[in-house]
Structure formats: structure tokens, C-alpha cells
There are 2 protein chains.
Amino acid sequence: MTKGSYLEISVNKRQERDSKLFPEWLIPEDKLPGADVKNVLAWPVTSGFLSLEEIEITESSARFILESIKNRKWTAYQVALAFCHRASIAHQLVNCLSEVFFAEGLAQAKELDAYYEETGELKGPMHGLPISLKDNLNVIGQQTTLGFAGFCNNPEKFTYDSSLVSILRRMGAVFCFKTNVPTAMMMPETINHVFGETSNPFNRNLTCGGSSGGESALGALLGNCYLGIGSDIGGSLRIPASMQNLFTLRPTFGRFPTFGARSGLPGLESVNSVNGPISTNLDNLEFYCKTVVNEGKPWMHDPKCYEIPWKEVTLPKKLTFAVMKDDGYVKPYPGVVRGLESVISKLEKEGHEVIEWNPLNHDRLNEILLQMFVSDGGIHCKEYAGLTDEPFFPYMEPYGTVKEMGVSELWDLQSERTMLCKQYLEAWNATASKTKSGEPIDAILLPVTPYSGAKKGTFRYCGYTSVFNALDWPAGVVPVTTADKTVDSKPDCYVPRNEMDKTTFDEFDPDMVDGGPVSIQVVCKKAQDEKVVSLMRHISEIIGTINYWTTKSALKD
Amino acid sequence: MTKGSYLEISVNKRQERDSKLFPEWLIPEDKLPGADVKNVLAWPVTSGFLSLEEIEITESSARFILESIKNRKWTAYQVALAFCHRASIAHQLVNCLSEVFFAEGLAQAKELDAYYEETGELKGPMHGLPISLKDNLNVIGQQTTLGFAGFCNNPEKFTYDSSLVSILRRMGAVFCFKTNVPTAMMMPETINHVFGETSNPFNRNLTCGGSSGGESALGALLGNCYLGIGSDIGGSLRIPASMQNLFTLRPTFGRFPTFGARSGLPGLESVNSVNGPISTNLDNLEFYCKTVVNEGKPWMHDPKCYEIPWKEVTLPKKLTFAVMKDDGYVKPYPGVVRGLESVISKLEKEGHEVIEWNPLNHDRLNEILLQMFVSDGGIHCKEYAGLTDEPFFPYMEPYGTVKEMGVSELWDLQSERTMLCKQYLEAWNATASKTKSGEPIDAILLPVTPYSGAKKGTFRYCGYTSVFNALDWPAGVVPVTTADKTVDSKPDCYVPRNEMDKTTFDEFDPDMVDGGPVSIQVVCKKAQDEKVVSLMRHISEIIGTINYWTTKSALKD
């Protein structure tokens, strides 16, 4: 590796990646949809490149796939093949893969088939299930670049699996590729010098979000089988999930294993990155949570995990929600507001109570979080970029310019954050005085981002998600609707409250984001992850998006 | 407050504290045991200053006290009065109290009595139970100095309870005083300029340990009723508990509330301080844990707490322990080794299996911890000491001289610590290959300190405890025996492995530490706090110390 060689290294790395795509699956340029085709959601299925069986497999839920392998309808190999083929097509449409190892995944599937053949026993509760992995999860024999040219071939191959990958592998999951991320995973749009930019299959002019953007762009194209793992330190699961109308859960830290993944900010603990599932299908997501926690026993393998089993939750008959429509800092787009309001009215129609949630010190908590991200003075990211003299993208410029914080100041910042967390907890408890039941609320509902789709390069504000990283409260994302230029028009006038608010308003273009996805966040208190998932199900049933990807599926669009 | 005024401020503060002791309880100097009387354990009971009823009350367990208040045998006021009286005597013997608020505690007890009288209902599961508090726990209307002159009258009064105090208060516990700590709680001996030094009632030439030293010295003199709360960031519960042969639990972080306590290192999160109970009585300790967690629901009040109920534990019939007799860095005194060996042989006699535990990177983990303590460059402690130009005691000199760490280096240190934690977890799992059952061990047993008593000013090494703060593994302390100069003689020769080992060996004087307490640590994995307490009970039953303070009680000595 030489200084200044980042472009050359990137070209080589991309070529190497592309060489691992199976040539027989590569669709010639002239048969792919043109750059003017924005929405490519239906393309993998309608273009005719997948066999009917491949479509059937990839449109099946994780449980159906597992059952079909168990009852010998399909082999693990068949499933992995269909999964890889559809992912290969998706990649040609939106550039979503980082590391490609179809061959290794298929070999893994073959081994599982042989094991089943020989022993009559399944390897574990995920026998033969293909799971998509975000780039930061280390996999034996593969690289992890995080989009840094300096991490290409550095190390040449990882010699160990991340704890999570190792748990999933032991349970029989199959890994065929990893997905693209923004450099260091520290931008809300998925772009880096090594692999370039990932597009949003809802509208390829829009960003897919980030940092789990490769995951989410892929997921929206992969059908009902899709179960991927992303990570979240400021919204990195929720932002891209919402940008593709997928289901996700940002779990509480300590419930899912994070050990042994690569980070752009290694050793940062003031706020902890977590892993979580993303899926087109809430059943897949729930299956994942329950299985990883209760069968994988993360606390046996990750020193930071707590032994808290995944419990069954019984929701009260009448639920109470606190809704925050606007965080007081950046006003959400009309489509987002309309989506949230439609959720509220449907919940109220079902007899649930909805009160208001005030954006309590929201901006200060977010400010603290941003300071924590760069508290090392960007030294780690500068070191990784510096390996090849790779420049930072504009969004990451603070990493290049910020002064390193002393630990004394960090302690003060941590004290302040803890005090704010206490205020949030007290505010939650205090809702008891406002609800009809006299009990505190069951969840907070709010937008995931201010954007109902954002043009590439314009996603700037993560405040709706990052506050819950500071709090370490579990937050789920549920798809609601899509932006519609015929109803979500730009208000004639709006007096912005700050520069970010102004830019966001100015950049809102109803035509540009037409058809852009709109989701909501469902937030509970620390460690109430099961309740979040239960509420996600209940809410999405009520608002009619529980089968979002089946009913609206590419097959039928 | 003026610079350089720390001595004057301290004199005033001590006078103020002493003025709150009830004059009618103060024992004239000439009736107190002389300085030559080393062991004063029996004195509170045998000296004749306590009434028989006061002795009966203070020699009763927490559960018996609660029942006796419930069935109107005693009032909460009577109980608090006996508690305060005995504490007052204890204080005159070993200088263990920092803040004295007998009057407020008695008023609180009276209110509880009135409430019970009026409503026929108890306020909560701790109605009328006096609980002793370490100085760092803030109490409405009281000060918290942490032994800093600069914190005297600064603030004049706290306007809020620490979360834990507030939970206990709501459940009906009564608070009458707080106990002495080393300056900033960052030394293993209890001494500070404000309140001076606390002595060990087993032998007043010995240190009571620290930082929960006021608690432990008091506890050993307070009888079976004693239930106190200390804190632990490197051994601060376990060291003084072991120095007084008390029971304690250093719980996993996140199970008991820590919010709103005062710290000498506020905002430090690389390693987290935890609160835990200390007692003469394992029943008291277990009652506390179960009640605080299951009834107090700390997760409702402390944003860092996890919702993990206190579970019932069923131990396997045959247990497996891994024993570490020596951490490879500082060799324990002969009494400590003898104590641990006697435990091993009794466990083996009961059919339990004992294998060896290797001190895996023990010294590096401890080194990292020490670096984390001073990673702020001692800026916080210097600020507090600087308020009055108060000098540091020799043990704390690094806080005055160390350079502040940059956050980048802290991240690297945290990464390294996490890696070492993973190694420990893997080593634990790997014991499965060495045990007869094929299962991993149930617990690690090891010394608490290298010392079977330490002359004041010679407690230097905290490595046996601090490693579990770095790991965040729960660790209990069980009394075993006392040093006996007739058997625990100094070896003729020993080749020390390092400077600390040499000093520790050189300073060992069988005569000096004769009668010094010897305890062991029982350690389980993260969040297995209930299992630790269950094992403490089982082990202390087998080795015969479950009723250590009843059978060997001051009443009968």
C-alpha cells in the first residue's frame, strides 16, 4: 500500500469484487434498466432473469425456507443459489455489495446438505438460512474494508468471525456476501471511494441512507426471504431501513453480540454501536431476535452481553403512545407528517390513547453524541484514511479537522449525557399523570428522519434517531406509506428555526421524493426490545403494513 | 472557602459532626478502651453502655427487625434509637462516621410509626429498617464530602437523594448517618483530612481497608442488624469487607442503581462504580438484593439499569470451582493461603470439584484499570483538592502528577480491555474441557487481598479485586477465618517476583496481623449475581461461617 494510491487500490478492489460475481448471472448493460428508470423494485422478478423456483424461494419467509429445507422440499444449496442469484441482480441495479463470496456460501450450504443427509439432523435452528451481513461483520477468509482503501487487503483475510457471525454460523446460517457502507460507517448515505455509491431501489436518484445502506437497498430487492444484519450508532439501521420501508430493530446494547466486528471508531464506548436485524418481513426479524438471544446465548461469547432471555410479551388491550411529530429542530417533510398522522388516527380508531411527547433536550443530546463520535480528534479515521491519503467526504470533514478531546472533558460530557438520560426516564415515568390509565406510556412514536426520501447528497440530519443511541433505548422501524407529490406539497411559507431546518426545507422537492418511503419509529425503554417488536407487529397490523412486502411485493407490482 | 484552609475547614467539620452525636451517649475518654486495646469487637456489647433491649435489637437480623415492627414488638423509633446508640459507640471506638443525622433518622422513624398507627399499613418492605450509607450516597438535607475539605458545605445541603437512597426511603428504610471514606474513595485505606482515619475493630493498629472502610469498621461493631451500602470500583466493597470478615456483593453494573451518587471521578465510564450491600449477615444481604431489585425496580429510576429481576437460583448438586491461589504478581500472606486451602479441602470433602484458575493477563488488566482511573489527568480530583489547597495522600500522588490522556488513547485502552475480557470469557468456557461434568465451572474462588490484615499505611495492592471491576463480573466475599501467628509464620525465604511482591513480603509481620480477618472471593460471570449469593451461602455453610457473626458474636466472645 502506498500513500495517495487510494483510487488505484479502489479500482482493483472493485474489479476483484466483480470478478467474484458469477458470469452466467451477469446481465448485459443494455438489458439492464436505463439510468432514467428510477424505481427498480420489481425488476429482479419481472425481468425474467430469475427462474420461477428462484422467485418462489426468495419470496418465502425465513421460517418457510427453514421448514422447506427440513422437509426436503429444497436443499440449502438451492436456497443459497437463489439468494445469490437475486442478490447479484440487485447489485447490478443499485451497487449494494462490498464483499462477494458466493462460492464460499454455496460450499457452506453444500456442507449443510451433506450433514443433513448423513446424520438426519439439522445443524441448528438456522440450518441453511442465508443471512446478509453488513460489511463491518468480520467473516473468516474475507476482508472488511468499511469503505477505506487502506483496509483493502489489510488484513488480506480475517482469520475469525465476529461473535455474531460465529453464533449464526454454528446455528446453520449461510453467508454469501457482505454489503456496502459509507466510509467508516459514519455517514447517513452509503458512499465510499472503494465501492462507490449505493442507490435506493425505490428511486435511484435518492440515497438509500446509511450506514446499513447496502443492506437496505439489497433487502428491498431480495424479497420476503431477506434477513440482513446492520449496525446502529446514530441511526445506521433505522435510517436506511426507513429509506427502503423495511422493518428493523435497533436493540438495547448488551442484548446482541457486537464483539469482533470492525469499527471506524474502535474503542468508542461513550455511545455503543449495536447490531440488529433488517427485514422485509417482521416474522424474519422476530425469529432472528428470539433465536439469536435464546439459542445463541450471546452472553456466552461476548463479554459485554447480559444474560437476558428473549421473553414473550403480552401487550395491554388498550395501549398508550406518546407521539413526537417534530423534534423542534428540523421539521419533517409533509409525507412524513402525513404518515405519522395516519398512524395516530388508526391507533385512536382502535381505541388506543395517543398523547404528546415533547422533544426534551433533544438537540443537546444529539450535539453531545456528535462530539463523542469525534472525541478522539478523528485520529482513528485519519489514520485509516491516511494509509492511502484518502480524502474525507464532505459529511465527514469534522473527522479531519476536529481537535482531540481530553479525557477530563469526555467525563464531563458523559456526566451531562447521563443527567439528560435521567431526565428522559423521569419524563417517561411522568406520562402516568397524563394517561387515562394512570400508567406510563407504552411507547414513543416519531419519525425516523425528516425525509420522505432524500436526493443523493442531501441527507444531513440524524437527530430523530441518534437521541435513542444516547439513551440506549430500543427503537424499531415500521413502514407506513410512500410520499405522494399530489398530496405532500411544499408549504408556501415556513419560517425555519435554524440553518439545518432551513436547508432541509429549501431542499424539499415534492417531485424529487415522489414515491419515497415513509416509516415511523417505535421506541420503548432500555431493554424492552421484545415490547418494541410486539408493538411493531401490532401497529403494522393496524395500519396495514404487516404484509407490506408481500402485498406490495415486486411480484405483484 | 479559601485556599489553604483545608485544615481549619476540617476541624470545623469534625466539630460539627461530633456536635450531632447525642451527648447522653458519649462515653468519657477515660471509660473508653485505651489505645493499647487492639481488638474492640466485643466492647459495644460488653461495656455495659447499651441496654439489653438495644443489644437484642441490634443483634437481630433485618428480617426479624421488620417482623418485630410489623407485629408491634418494637417501634421503628426504638429500632432506630438502638441502631444510633450502638453506632455512636462504634464511632468512638474506630472513627467510622462522616455525616451524623441521628435526629433526622429518628424523626423519619417516628413518621413511619405514625403512618403505621394511622393506616395500619407498612410503608414498604423495609418499613423501619435502619440502613447505613457510605458517604458518597447523597441524602436530602445532608452533605457529601468524600473526605475533601473543599466539599465541606459545598453544597451546604444536598437537595436530592441518590436514586438508591430514594428507592430505599420509599420502601421505608431509615437513614441516620453516613460513613467515612478515603479521599475521593480512591485509596484502599480509609483516611482523609476532614474526618481522619478509621480503624479496624479486629485490631486497631490495622487498616479497616477502603474505600467502604467506614461502613465495614462500623458493621463489625453493629451486630446482626447491620446492613450497609458501599461502592466498588476496584475492590472498595470487597477489600474492607474482607478486612472485617463481613459478607458483601460487588454486583454487576446495571443491576443496582448508581445514579445521583457523588464521585471523585465523575463521568468515568471506562470502568463503572457499583453499589452493593455489606453485612454481618448473609440473610440481610440477600434480602437487600432481592428487595431492591424486585420491589425497587431500579430500571425505573436509573437510566443505566437493566430490567433483570432477581431470580431464584438452583445450584447443581455437585459444584465445580476454579481456584486461583496466587495471581502471579503478589503472593498472599500465609493466613490467606491457609484460609483458601481450608475452603478447598472442605468443598472437596463435600464432593465438589476444584480445578485451577490461571491468572490470565491479570496484571495487564489491573494496569489498564489504574490508567483509566487517572485518564482525566487527575483533573477532577485536583480541582476538588485545589479548592482548599489540600494535598494528596501518598497513595493518591499519581492523581497530582499524571498527564491527562487523550480520548484516542483511551479508546485504544478500552479496545484492549475488551479483548482481555473476551479472553477471560473464553477461558471460563474452556474450563468445560477440564471438569468431570464437562460443563464450565460454577465459580472462581480466590483471595480478596494478599493481606490477612495490614498495618495502617501498608495496604498497597488491589489486584485481586480490581480485575473483576475490569471484567464487570459479580464477586462476593465470604469470611473464612482469622490469621494466627502460631501457624501463619513468615517463610524463611521467598524470592519476590517484583517490587510490590517484595514490599508485601517484607512488610508481613505475623505478630502485627495476628487475628486479622481472612475472607475469600466468589466470582461468577457477568449478571450472575444471584448465583454468587447462592454460592456464598452454600460455601459459608460448608466452611461453617454462615453464622460467623452470631456464633462468634461480640455477645459471646
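The shown structure was predicted, so the numbers you read here are calculated from the model rather than taken from an experiment.

(A) Seen up close, the confidence of the model for chain A. Residues and elements named next belong to chain A. Scored by pLDDT, chain A comes out at a mean of 97, with 98% of its residues at no less than 70. The model gives residues 553–557 a pLDDT under 50, and that stretch makes 14 contacts with residues more than four places away or in other chains. Confidence estimates for the predicted assembly give a pTM of 0.97 and an ipTM of 0.97.

(B) Looking closely at the packing of helix 5 (residues 76–94) of chain B against helix 6 (residues 102–119) of chain B. All names here are of chain B. Here helix 5 crosses helix 6 at 160°, and the two axes come no closer than 8 Å. Judged on the interaxial angle alone, helix 6 and helix 5 are roughly antiparallel. Our pair here, helix 5 against helix 6, has a crossing hand that is right-handed. Here helix 5 contributes Ala76, Tyr77, Ala80, Leu81, Cys84 and Ser88 to the contact with helix 6, which in turn contributes Phe102, Leu106, Ala109, Lys110, Leu112 and Asp113. Residues that form the contact of helix 5 with helix 6 fall into these classes: nine nonpolar, one polar and two charged.

(C) Main features of the pattern of salt bridges. All names here are of chain A. Taken as a whole and judged by the stated rule, the model has 56 salt bridges over all chains. A salt bridge links Arg86 to Glu59; its shortest N-O distance comes to 2.8 Å. Taken together, the residues Arg86 in helix 5 (residues 76–94) and Glu59 in the loop between helix 3 (52–58) and helix 4 (62–70) connect sequence positions 27 residues apart. Arg86 gets classed as buried once you look at its relative accessible area, which sits at 1%. A salt bridge links Glu269 to Lys304; the shortest N-O distance between them is 2.7 Å. On the criterion of sequence distance, the pair formed by Glu269 in the loop between strand 7 (247–250) and strand 8 (274–279) and Lys304 in the loop between helix 10 (282–294) and strand 9 (320–323) is long-range, its members being 35 residues apart. Through salt bridges that share partners, Arg255, Lys311, Asp529 and Glu530 make up one connected network.

(D) A look at the interface of chain A and chain B. Facing the 50 residues of chain A at the interface are 50 residues of chain B. Both faces considered, chain A and chain B share a buried interface measuring about 3,900 Å² in area, 59% of it formed by carbon and sulfur atoms. On the chain A side of the interface with chain B, the three residues burying the most area are A:Pro303, A:Tyr306 and A:Trp411, jointly 20% of the side's total. Linking chain A to chain B there are two salt bridges. One salt bridge connects A:Arg417 with B:Glu269, and the closest N-O pair in it is separated by 2.7 Å. On the surface where chain A and chain B come into contact, there are 24 residue pairs in polar contact (both at pLDDT 80 or more). Elements with a contribution of two residues or more to the side of chain A that touches chain B: helix 12 (362–373), helix 13 (379–386) and helix 15 (407–430) of chain A. The element that contributes the greatest number of residues to the side of chain A that touches chain B is helix 15 of chain A, accounting for 16 residues.

(E) Examining the packing of helix 12 of chain A against helix 15 of chain A more closely. Residue and element names in this part refer to chain A. One can describe the packing of helix 12 onto helix 15 by two numbers: an axis separation of 10 Å at closest approach and a directional angle of 145°. Along this stretch, helix 12 crosses helix 15, giving a crossing that reads as left-handed. Contacts between helix 12 and helix 15 pair His362, Arg364, Leu365, Ile368, Gln371 and Met372 from the former with Glu409, Leu413, Gln414, Glu416, Arg417, Leu420 and Tyr424 from the latter. For the contact of helix 12 with helix 15, the residue count by class is six nonpolar, three polar and four charged.

Each value, and the rule that gives it
Residues numbered from 1 in each chain as written. Chains lettered and ligands numbered in written order. Predicted model: local features only at pLDDT ≥ 70, side-chain atom pairs only at ≥ 80, totals over all residues. Heavy atoms only, no water. pLDDT = per-residue confidence, 0-100. Contact = heavy atoms within 4.5 Å. Axes fitted to C-alpha atoms, helices over the stretch in contact; angles between N-to-C directions. Helix = DSSP H or I, 4+ residues; strand = E, 2+ residues; numbered from the N terminus. Parallel < 35°, antiparallel > 145°, perpendicular 65-115°, else oblique. Left-handed = near helix turned anticlockwise from the far one by under 90°. Nonpolar A, V, L, I, M, F, W, Y, C, P; charged D, E, K, R; others polar. Salt bridge = Lys/Arg side-chain N within 4 Å of Asp/Glu carboxyl O. Buried < 20%, exposed > 50% of the residue type's maximum accessible area, 1.4 Å probe, protein only. Buried area = accessible area lost by both parts, 1.4 Å probe. Polar contact = N/O pair within 3.5 Å; in protein donor to acceptor, adjacent residues only side chain to side chain.

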